[in-house]
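Close look at the chain arrangement
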Amino acid sequence: MPASGAACVRATALIAAGRYPEAREAAKAALEAEGPEPALFLALARAHMAEDEDDHDDEAERVFRRALDAFPDDLDLLAGYAELCLRSDPLDRPGRHRRGPVLLERLRELAPDSPQLRRADASTDVLAATAGRGPSAARVQRHDVVHALTSAASPEAAGEEVRRQVARAPHDRRLAVLDASLDALGRPGRAPLRRLVLRRPEYLLVVQLVVAALVIARFAVEGFPVWIPFAVAVIADLPLLALGLLLRGARARGGERMSVAVDGERTPGAAEGEQAPRSVDGERTPVAEGGERTPVAADGERTPVAEAGEPAAAEPYLPEMPRRSRRELVLVGAGAAVLLGAGVTTGTLAYAEYTAYPRYEAVAPDSFRGMARMDVGGVPEGAGFGSSSGRVETSFNAVYTGGSGDGSGLSVTASIGDFHDATVALVEESGALLADTPGVTPLGDGWMADAGAYGGWMRCDRYAEDLAGTPKAVCFWTDRGSMGAVTFRASEAMTDAEVEQLARMTRQTELRPVS
């Protein structure tokens with residue numbers, strides 16, 4: 001193999017290993033030593049493109065233009081430059097982006113059915129452009145694992161075949177990652193993870209359906225615990241998390257193995273005393289005449305050697321990364337539809353639940369606890385408490401007279417309507433409202449009381465009328481469908497519990513729930 005060809009192989013391997021500065025140095029050194037070569041120019045440009053930075057993209061463009069000045073019809077250079085142009089930002093680099101279609105047309109003229117044209121043309125795909133640099137390393141890894149497991153009779157057979165391919169192409173990153181992945185998945189007790197990687201899209205769809213159903217059930221079934229959908233989602237995500245961590249570790253180990261293989265490479269005609277690199281089984285790689293090495297496969301067989309002592313290219317084991325299949329798109333679309341439907345349904349039900357409020361009707365009796373009701377009309381304008389933005393449907397004010405002692409002189413002021421945004425703050429503000437009321441003096445601190453069967457919130461306070469000195473109690477309540485206050489005589493002999501009980505009884509007597 002010529003020295004420039006060996007340098008190109010090494011630069012390409014360094015790019016695959018993620019060692020972009022070293023790849024650029026190797027390509028530059030070979031260009032200076034051997035002169036212009038299309039493959040070296042391409043390796044140098046791709047080592048810049050791999051950085052995914054604007055400055056390096058600018059350098060890559062300069063390399064491509066210099067190379068095409070010397071080799072204007074080279075298909076690989078045209079395809080690489082077209083890919084760079086087509087994936088550039090049309091707003092940030094409009095001139096570069098416009099050159100992409102021109103380069104594609106040139107490729108179609110020179111080689112209409114070439115793989116270079118297909119690769120460059122894929123850069124115009126919306127999904128590829130969005131991805132920026134193509135599919136993620138994780139997706140490529142999962143695709144390769146699925147392809148290997150489904151193509152072989154067993155996981156063991158898949159691992160053996162991949163190891164043979166790694167021996168023939170030790171600097172192929174995809175093969176190295178695949179080898180590490182199959183090794184990790186092939187260990188005892190990991191059959192469920194192998195099944196999961198094969199059926200990951202279906203698993204995700206099933207989990208989405210189950211979680212969506214549980215979220216909707218939280219609104220449809222009274223008393224359904226809110227935490228159950230979240231717990232199921234977390235538990236269902238654990239296998240995916242375990243698989244992701246395992247595959248991430250395999251990617252790291254595969255990259256390390258390939259870096260070791262790249263560092264172990266020797267250029268042809270190694271100096272005397274240098275050790276030949278080892279194959280995967282530990283044996284020295286035989287050296288052909290003229291210093292060329294003959295790769296050794298995992299099974300000990302030599303790779304056939306072509307004329308001039310160059311190793312014959314092994315047929316690639318891994319297929320080109322395809323676009324998403326129809327099955328994948330259908331499953332992804334179904335999952336998106338499930339999430340969208342669950343989101344819309346949940347949002348609708350949640351809003352309905354938020355805006356819902358209990359309906360009541362006013363049923364103030366003519367008498368209560370031996371006292372006669374005296375109508376005093378509706379609630380005066382401005383009466384009430386708090387700062388609710390609710391919608392009042394009806395209000396009433398009733399006073400019961402004729403009794404004596406604690407609980408007598410009872411009056412009720414209430415409003416019925418839509419108060420779905422009511423909070424505990426409304427009754428907490430009642431203490432300040434009482435303190436600001438002229439003609440009364442608060443007696444001690446108020447307290448939050450049990451609101452009773454109708455729910456909501458209730459607060460009670462004691463006060464004395466300044467003119468008569470009569471001790472009284474007032475209890476304010478609010479819920480999502482009503483708010484009001486109950487006032488009655490309450491001496492020190494009447495306990496707080498008795499005050500609360502009378503307030504609850506009055507509220508439940510004056511209001512009747514409407515189904």
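The model shown is predicted, which means the values in this text are computed figures rather than measured ones. (Residues numbered from 1 in each chain as written. Predicted model: local features only at pLDDT ≥ 70, side-chain atom pairs only at ≥ 80, totals over all residues. Heavy atoms only, no water.)

Here we take up the overall build of the protein. A tally of helices and strands in the protein yields 18 helices and eleven strands. Expressed as a percentage of the 515 residues in the protein, the buried residues total 37%. Partitioning the contacts of the protein with sequence separation of at least 6, the portion at a separation of at least 24 is 63%. Just so you have it, the protein exposes about 27,400 Å², and 55% of that area is on carbon and sulfur atoms. (Helix = DSSP H or I, 4+ residues; strand = E, 2+ residues; numbered from the N terminus. Buried < 20%, exposed > 50% of the residue type's maximum accessible area, 1.4 Å probe, protein only. Contact = heavy atoms within 4.5 Å. Areas by Shrake-Rupley, 256 points an atom, 1.4 Å probe, with all protein chains shown as cover.)

Below, the discussion takes up the packing of aromatic side chains. The relative placement of two aromatic rings is captured by the distance of their centres and the angle of their planes. Under the defined criterion, the tally for this structure stands at four aromatic pairs. Here Phe64 and Tyr81 contribute two aromatic rings whose centre-to-centre distance is 5.5 Å and whose plane-to-plane angle is 20 degrees, an arrangement assigned as stacked. Pair noted here: Phe64 is in helix α4 (residues 54-70) and Tyr81 is in helix α5 (residues 75-86), with a separation of 17 residues, a long-range link. Neither residue differs from the other here; Phe64 and Tyr81 are each classed as buried. One residue, Arg218, lies across the ring of Phe219, its end atom 4.6 Å from the ring centre. For the cation-ring pair, Arg359 lies above Tyr357, with the distance from its terminal atom to the ring centre recorded as 3.8 Å. (Phe/Tyr/Trp six-rings, centres within 6.5 Å; stacked < 30°, edge-to-face > 60°. Lys NZ or Arg CZ within 6 Å of the ring centre and 35° of its normal.)

Bringing the state of the cysteines into the picture now. On inspection of all chains with the given rule, the structure shows one disulfide. The disulfide bridge from Cys460 ends at Cys475, spanning 2.1 Å between sulfur atoms. Taking the torsion about the sulfur-sulfur bond, which here is approximately 110 degrees, the covalent link between Cys460 and Cys475 counts as right-handed. Note that Cys460 is positioned in strand β8 (residues 457-465) and Cys475 in strand β9 (residues 471-478), a separation of 15 residues in sequence. (Disulfide = S-S within 2.5 Å.)

Let's shift gears to the packing of helix α10 (residues 155-168) against helix α11 (residues 173-185). Where α10 contacts α11, the axes come no closer than 9 Å and their chain directions differ by 150 degrees. Relative to α11, the element α10 is oriented roughly antiparallel. Of the two elements, α10 crosses α11, and the hand of that crossing is left-handed. Here Ala158, Gly159, Val162, Arg163, Gln165 and Val166 of α10 lie close against α11, whose contacting residues are Leu175, Ala176, Leu178, Asp179 and Leu182. (Axes fitted to C-alpha atoms, helices over the stretch in contact; angles between N-to-C directions. Parallel < 35°, antiparallel > 145°, perpendicular 65-115°, else oblique. Left-handed = near helix turned anticlockwise from the far one by under 90°.)

The subject of this paragraph is the side chain of Ser482. The topology assignment puts Ser482 in strand β10 (residues 482-489). Given a relative accessible area of 0%, Ser482 falls into the buried group. Among the polar contacts listed, one links the side chain of Ser482 to the side chain of Trp477, at a separation of 3.1 Å. Ser482 has contacts with Tyr360, Ser415, Phe419, Trp477, Arg507 and Leu511, leaving out every residue within four places of it along the chain. (Polar contact = N/O pair within 3.5 Å; in protein donor to acceptor, adjacent residues only side chain to side chain.)

With that out of the way, let us pick up the side chain of Asp418. Along the chain, the position of Asp418 falls in strand β5 (residues 410-418). Arg391 provides the closest opposite charge to the buried, salt-bridge-free Asp418, at an N-O distance of 4.3 Å. (Lys, Arg positive; Asp, Glu negative; His and termini not counted. Salt bridge = Lys/Arg side-chain N within 4 Å of Asp/Glu carboxyl O.)

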